[in-house]
Amino acid sequence: MDFIEFTGKTVDDALTNALVEFGVTSDQIDYDVLEKGSSGFLGFNSKPAKIKARKKYTVADHIKNFLSQVFAAMGLEVEILINASTEEENVYDVELKGNEMGVLLLDYICKTRAARGEDLTKKVAVTTIVSSAMVDALAEEYGFELRRCLTGFKYIGDIITSLSDAGEVDRFIFGFEESYGFLSSTFVRDKDGVNASLLIAEVACACAAQGITLYDYVQSIFREYGYFVEKVVSKTLPGKDGLTRMKEIMKDLRENPPKELCGMRVTAVRDYLKGTRTADGKVEPTGLPKSDVLYFELEKGNWVCVRPSGTEPKIKLYVNTNASDKADAEKLNADLRVASEALLD
């Protein structure tokens, strides 16, 4: 952090101003006195004291600040949790959470392949039913075929295998799931962290070569497609009757699906256990394996997905919203989460 200058009647006053600005105590800043100041004579020709100060950073602060800048530049909404190791000095565990990295990588792949003259209308990208709706906007823009599957990277691998069996494996360009799974090759049919890391580094290099930053690149994506906000809410149903209650909730939602959520009309209901999608009285197959999942399509591309755990009394809500403005998308998501959680009461 760069030094910032502060003034006051005295050095102590200037220091107090710095502490208030940084929101820390005196042992948490570094400072140098630039001018001690003077009271002058009878108040005439007085000079304020001046210091330069900056907040001291711990190792954890440096880690969090660095990662925050990296992911902010990529346009990713990431929660960074840092915990000092209890077993080893100066060792920290860092947990990152985010859903937009797959969209960033897919957009880059499409841009570079299109620039090489490839016909993207013959290509296939794969993601899950609970991944970002922004992928649909990319598919519409670039013309590739988007296939969605159930959660679990094995299903993405299955689609690659089906392409391979049909002699069309070269059509595959990218697959990802919302829980950190990424893949741009076909010889590894599972999530590949090494592959993803190299792709991110390549994106950064490409941006530098064009004289722009990752932040500039991501902002151009947002300006074109709007802001998409994805949140996951987990509700645990405690007690010995938790599993029974979970089944009752899912049964009730199937028999009495909501007609609207947060003022938005439910335009279609997907019941993956029945394998159906119902919209305006018309029923069609989902084409996916059966799974105890309900998906409510809402107006303007927003949606809510309800997915119970298969091993414990817990239900997950996936809430996705979008708007041209980030604040609007986040507010809509917050309101929709409240409305969706009420379904589980």
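Notes on the structure follow. Only a predicted model underlies this, so the values are computations on that prediction, with no experimental measurement involved. (Residues numbered from 1 in each chain as written. Predicted model: local features only at pLDDT ≥ 70, side-chain atom pairs only at ≥ 80, totals over all residues. Heavy atoms only, no water.)

Looking at the overall build of the chain
The condition that has to hold: Comment: elements are numbered from the N terminus, with helices defined as DSSP H or I runs of at least four residues and strands as E runs of at least two. Type-normalised accessible area, obtained with a 1.4 Å probe on protein chains alone, sets the label of each residue: buried when under 20%, exposed when over 50%, and partly exposed for intermediate values. For this analysis, residues touch if any pair of their heavy atoms sits within 4.5 Å. Note on areas: these come from Shrake-Rupley sampling with a 1.4 Å probe, and a residue is covered only by the protein chains present in the view.
Looking only at helices and strands, the chain features nine helices and 17 strands. Burial statistics for the chain: of 345 residues in total, 39% are counted as buried. Considering only contacts in the chain between residues 6 or more positions apart, those separated by 24 or more positions represent 54%. In the form shown here, the chain has an accessible surface area of approximately 19000 Å², with 50% of it arising from carbon and sulfur atoms.

Regarding the pairing of strand β13 (residues 276–279)
Test applied: When DSSP finds at least two bridges between two strands, those strands are taken to pair.
When strand β12 (residues 264–271) meets β13, the two strands line up antiparallel, connected through three bridges. Counterpart to V269 in the pairing with β13 is T278. Where β12 hands over to β13, the hairpin turn is made up of four residues, of which G275 adopts a positive phi near 75°. Relative to strand β14 (residues 282–285), β13 is paired through four bridges, and the arrangement is antiparallel. Residue A279 lies in a different strand from β14, and its bridge partner there is K282. Where β13 hands over to β14, the hairpin turn is made up of two residues, of which D280 adopts a positive phi near 55°.

Focus on the state of the cysteines
Just so we agree on the cut-off: The criterion for a disulfide is a pair of cysteine sulfur atoms lying within 2.5 Å.
Within the structure shown, the criterion is met by zero disulfides. The thiol of C205 is not disulfide-bonded; the next cysteine sulfur, from C207, is found 9.4 Å away. Owing to a relative accessible area of 54%, C205 belongs among the exposed residues under this scheme.

Observations regarding the environment of L288
Tracing the backbone through its elements, the reader meets L288 in the loop between β14 and β15 (294–298). Sequence spacing of L288 and C149 is 139 residues, and the spatial spacing of their C-alpha atoms is 6.8 Å. Those residues within four positions of L288 in sequence are excluded, and the remaining contacts are I129, R148, C149, L150 and Y272.

Let's talk about the sheet that holds strand β1 (residues 4–8)
The cut-off we apply is this: Fitting a line to C-alpha atoms yields each axis, with helices limited to the stretch in contact; the angle taken between N-to-C directions then spans 0 to 180 degrees.
A sheet is described by the order of its strands in space; here three strands give the open sequence β1-β3-β2, paired in antiparallel fashion. Whereas interior strands pair on both sides, the edge strands pair on one side only; in this sheet they are β1 and β2 (29–35). Strand-to-strand twist of the sheet, defined as the mean angle between neighbouring strand axes without regard to direction, takes the value 30°. Examined bridge by bridge, β2 and strand β3 (residues 49–55) share six bridges and lie antiparallel to one another. Note on β3: the bridge partner recorded for Y31 is A53. Against the sheet, helix α1 (residues 11–22) makes contact with β1, β2 and β3, and its axis sits at roughly 130° relative to β1, the strand it touches most.

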